[in-house]
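These are the residues of each chain, in order.
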Amino acid sequence: MKSNAPESLVSGSDDFTMFLWESAVSKHPKTRMTGHQQLPWLVNHVYFSPDGQWVASASFDKSVKLWNGTTGKFVVAFRVHVGPVYQISWSADSRLLLSGSKDSTLKVWDIRTHKLKQDLPGHEDEVFAVDWSPDGEKVASSGRDRVLKLWMG
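It should be emphasised that the depicted structure is a prediction, and the values quoted were computed from it without experimental measurement.

What counts and what doesn't
In this convention, every chain numbers its residues from 1, walking through the sequence in written order. pLDDT decides what is reported in this predicted model: residues at 70 or higher carry local features, side-chain atom pairs at 80 or more are listed and counted, and totals for whole chains, interfaces and linings draw on all residues regardless. The basis for every side-chain value is the complete set of non-hydrogen atoms in the structure, without hydrogens or water. By this definition, two strands are paired if DSSP reports at least two bridges between them. Put simply, DSSP H or I for four residues or longer makes a helix, DSSP E for two residues or longer makes a strand, and each gets a number counted from the N terminus. Axis definition: a line fitted to C-alpha atoms, over the contacting stretch in the case of helices. Angles run 0 to 180 degrees between N-to-C directions. By definition here, a salt bridge exists when the distance from a side-chain nitrogen of Lys or Arg to a carboxyl oxygen of Asp or Glu is within 4 Å. Buried means the residue's accessible area, taken with a 1.4 Å probe over protein chains only, is under 20% of the maximum for its type, while exposed means over 50%, and partly exposed covers the values in between. In this text, buried Ala, Val, Leu, Ile, Met, Phe, Trp, Tyr and Cys residues form a nonpolar core when linked through side-chain atoms within 4.5 Å.

(A) Spatial organisation of the sheet that holds strand S11 (residues 115-120). Spatial ordering of the open sheet is given by S8-S9-S10-S11, a layout of four strands whose pairing is antiparallel. Every interior strand has two partners, whereas the edge strands, strand S8 (85-90) and S11, have only one. Looking at each pair of strands side by side, their axes are set apart by 25° on average, direction ignored. Where strand S10 (residues 106-110) lies against S11, five bridges are found, and the strand directions are antiparallel. Residue pairing for S11: Val 108 is matched across the bridge by Gln 118.

Pasting the structure below:
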């Protein structure tokens, strides 16, 4: 998707903060994004939505947070996991967000309603990697149990 807006970058850190950057505009961050719990709850993963409207972050504080992708302003926290959240993945249409956790589950979040859409238990141990199929009909996950799972919509 072409846009006249400057290209943005988001970084996450082990000091539980994130920064939103517009490198073509300034060598200094546009904004500091805070909200994950204090140490030792580092930010594991940050990810822009495909449409650029949102940034999602996953943390050892057991939460997934949603931020405005342009301003960096906090929008909502998703707090259903009972273990650290390792990875997140956006659906191609930016309407759903997938998270994988130490609690051995995947969660599918509806970005429009800010609610849990689907709980996907089934792994025997921590879930390290999650991703959507290009058509958005399936998700894949893998983890410490050495099993690759394919979930059908």
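(B) Looking closely at the pattern of salt bridges. On inspection of all chains with the given rule, the structure shows four salt bridges. Between Asp 135 and Lys 138 there is a salt bridge, with the nearest N and O atoms lying 3.6 Å from each other. Looking at Lys 138, the relative accessible area reads 25%, which means it is partly exposed.

(C) A look at the nonpolar core. Within the largest apolar cluster, 13 residues are counted, with the highest numbers of intra-cluster contacts made by Val 64, Leu 66, Phe 78, Ile 88, Trp 90, Leu 97 and Ile 111. Put simply, the parts of the chain that give this core at least two residues each are strand S5 (54-59), strand S6 (64-68), strand S7 (74-78) and S8. Counting residues in hydrophobic clusters, the runner-up holds ten residues, among them Leu 106, Val 108, Trp 132 and Val 139.

(D) Molecular detail of the pairing of S10. The buried fraction of S10 is high, at five of five residues. Burial along S10 is two-sided: the face carrying Leu 106, Val 108 and Asp 110 and the face carrying Lys 107 and Trp 109 are both buried. Adjacent in sequence and paired antiparallel, S10 and S11 are bridged by four residues, among which His 114 carries a positive phi angle near 60°.

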